[in-house]
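Structural characterization, general
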Amino acid sequence: NAGVTQTPKFQVLKTGQSMTLQCAQDMNHEYMSWYRQDPGMGLRLIHYSVGAGITDQGEVPNGYNVSRSTTEDFPLRLLSAAPSQTSVYFCASSPNRLADETQYFGPGTRLLVL
Amino acid sequence: AQSVTQLGSHVSVSEGALVLLRCNYSSSVPPYLFWYVQYPNQGLQLLLKYTSAATLVKGINGFEAEFKKSETSFHLTKPSAHMSDAAEYFCAVMTTDSWGKFQFGAGTQVVVTP
């Protein structure tokens, strides 16, 4: 199993550009989530999904969209990038809620918005 | 609503000394509690978790944590620090009434000195 994979590893955007951060998992996990990590603030939940076709907002959803058309993929879309979205983004997945609450994290995507 | 507070953003320990990282939580319902470790330029890895079973939880790499409901704490300890323990550590909480919405602390950076 590859686990949780994220692409790209690093991206530079100009203000106003849009892009999609990709996240995929091959463990048949129901739950997937996106976090952003900023110095001194830990990880903050952006959006999450408890299964295909179901998404919900986390703590900091503004400026980001998600969809979950398949169990494996959970892309994060930045609609119009802003310098405040410069951060490291992590995707995570978990098995069925009745089986295991452990989150498995991807390696992260470093995003710089100029 | 739940929240997590980690006391101390930086901790310096000598090799062989006790490692103690403090985490306090706030939750109106019984929580699930987690400790994750992040090595430089990597994603997060689960160290251990409390899910309402034994209050003393043992994890990987010699770490353990004790859930104390009366103190709303879940402190992480390791009897003897190793150079390889240098990393950032995050405490996280989730509750059954908001399953999937993990709340992370701000993190504690651990430096191990020879």
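For the structure itself, consult the block above.
First, a word on scope: everything that follows refers to the structure included in this document.

Reading the values: the criteria
Residues numbered from 1 in each chain as written. Chains lettered and ligands numbered in written order. Predicted model: local features only at pLDDT ≥ 70, side-chain atom pairs only at ≥ 80, totals over all residues. Heavy atoms only, no water. Helix = DSSP H or I, 4+ residues; strand = E, 2+ residues; numbered from the N terminus. Rg over C-alpha atoms; globule rule 2.2 N^0.38 Å. Areas by Shrake-Rupley, 256 points an atom, 1.4 Å probe, with all protein chains shown as cover. Core = buried A, V, L, I, M, F, W, Y, C linked by side-chain atoms within 4.5 Å. Buried < 20%, exposed > 50% of the residue type's maximum accessible area, 1.4 Å probe, protein only. Disulfide = S-S within 2.5 Å. Contact = heavy atoms within 4.5 Å. Pairing = 2+ DSSP bridges. Axes fitted to C-alpha atoms, helices over the stretch in contact; angles between N-to-C directions. Phe/Tyr/Trp six-rings, centres within 6.5 Å; stacked < 30°, edge-to-face > 60°. Polar contact = N/O pair within 3.5 Å; in protein donor to acceptor, adjacent residues only side chain to side chain.

Attention now goes to the overall build of chain B. For chain B, the helix and strand inventory stands at zero helices and 11 strands. For chain B, the N- to C-terminal ordering of α and β elements is β-β-β-β-β-β-β-β-β-β-β. The C-alpha atoms of chain B give a radius of gyration of 14 Å, which matches the 13 Å a tight globule of 114 residues would have. When the backbone C-alpha atoms are referred to their principal axes, chain B occupies close to 45 × 30 × 20 Å. Accessible surface, chain B as shown: approximately 5200 Å² in total, 52% of it carbon and sulfur.

Before going further, it helps to examine the nonpolar core. One finds Leu21, Trp35, Leu47, Leu48, Phe74, Leu76 and Tyr89 of chain B to be the most contacted residues of the largest nonpolar core, which totals 27 residues. For this core, the secondary structure elements donating two or more residues are strand S2 (10-14), strand S3 (19-26), strand S4 (31-38), strand S5 (44-50), strand S7 (64-68), strand S8 (73-78), strand S9 (87-95) and strand S11 (108-113) of chain B. Grouped together as the second largest cluster of nonpolar side chains are 20 residues, Tyr48 and Phe105 of chain A together with Ala92 and Phe102 of chain B included.

Time to look at the state of the cysteines. In this structure the tally under the stated criterion is two disulfides over all chains. Here Cys23 of chain A pairs with Cys91 of chain A through a disulfide, and the sulfurs are 1.8 Å apart. Taking the torsion about the sulfur-sulfur bond, which here is approximately -70°, the covalent link between Cys23 of chain A and Cys91 of chain A counts as left-handed. One end of the pair, Cys23 of chain A, is in strand S3 (residues 19-25); the other, Cys91 of chain A, is in strand S9 (residues 87-94), with 68 residues separating them in the sequence. Residue Cys23 of chain B pairs covalently with Cys91 of chain B via a disulfide, S to S 2.0 Å. What sets the handedness of the Cys23 of chain B and Cys91 of chain B disulfide is the S-S torsion sign, and at about -65° it is left-handed. In this pair, Cys23 of chain B sits in strand S3 while Cys91 of chain B sits in strand S9, placing the two residues 68 residues apart along the sequence.

Residue and element names in this part refer to chain B. Of note, Met83 is situated in the loop between S8 and S9. Looking at Met83, the relative accessible area reads 36%, which means it is partly exposed. Considering only alpha carbons, one finds Met83 and Thr113, 30 residues apart in sequence, at a separation of 7.3 Å. When sequence neighbours within four positions are dropped, the list of residues in contact with Met83 reads Glu15, Val112, Thr113 and Pro114.

All names here are of chain B. Read across the open sheet, the five strands follow the order S1-S3-S8-S7-S6; overall the sheet is antiparallel. If you trace the sheet from one side to the other, it starts and ends with strand S1 (3-7) and strand S6 (56-58), each paired once. Strand after strand, the sheet turns through a mean of 20° between neighbouring axes, direction not considered.

Before going further, it helps to spend a moment on the packing of aromatic side chains. Scanning the model with the defined rule gives 14 aromatic pairs over all chains in all. Here Tyr35 of chain A and Phe105 of chain A contribute two aromatic rings whose centre-to-centre distance is 5.9 Å and whose plane-to-plane angle is 40°, an arrangement assigned as tilted. One end of the pair, Tyr35 of chain A, is in strand S4 (residues 31-37); the other, Phe105 of chain A, is in strand S10 (residues 104-105), and 70 residues separate them in sequence. One exposure class covers both Tyr35 of chain A and Phe105 of chain A, and it is buried. Aromatic side chains Phe63 of chain B and Tyr89 of chain B sit 5.5 Å apart centroid to centroid with 50° between the ring planes, which places their arrangement in the tilted category. Here Phe63 of chain B, found in the loop between S6 and S7, pairs with Tyr89 of chain B, found in strand S9; they are 26 residues apart in sequence, far enough to count as distant. In terms of burial, Phe63 of chain B and Tyr89 of chain B fall into one category: buried.

Residue and element names in this part refer to chain A. Spatial ordering of the open sheet is given by S1-S3-S8-S7, a layout of four strands whose pairing is antiparallel. Every interior strand has two partners, whereas the edge strands, strand S1 (4-7) and strand S7 (64-66), have only one. Adjacent strand axes in the sheet meet at a mean angle of 20° when their direction is disregarded. Taken together, the four bridges between S1 and S3 define a ladder with antiparallel strand orientation.

Residues and elements named next belong to chain B. Following the sequence through the fold, Thr108 ends up in strand S11. A residue is classified by how much of its surface remains accessible, and Thr108, at 1% relative accessible area, is buried. Side chain to side chain, Thr108 and Gln6 meet in a polar contact 3.3 Å long. The residues touching Thr108, leaving out its near neighbours within four places in the chain, are Gln6, Leu7, Gly8, Ser9, His10, Val11, Leu21, Ala87, Glu88 and Tyr89.

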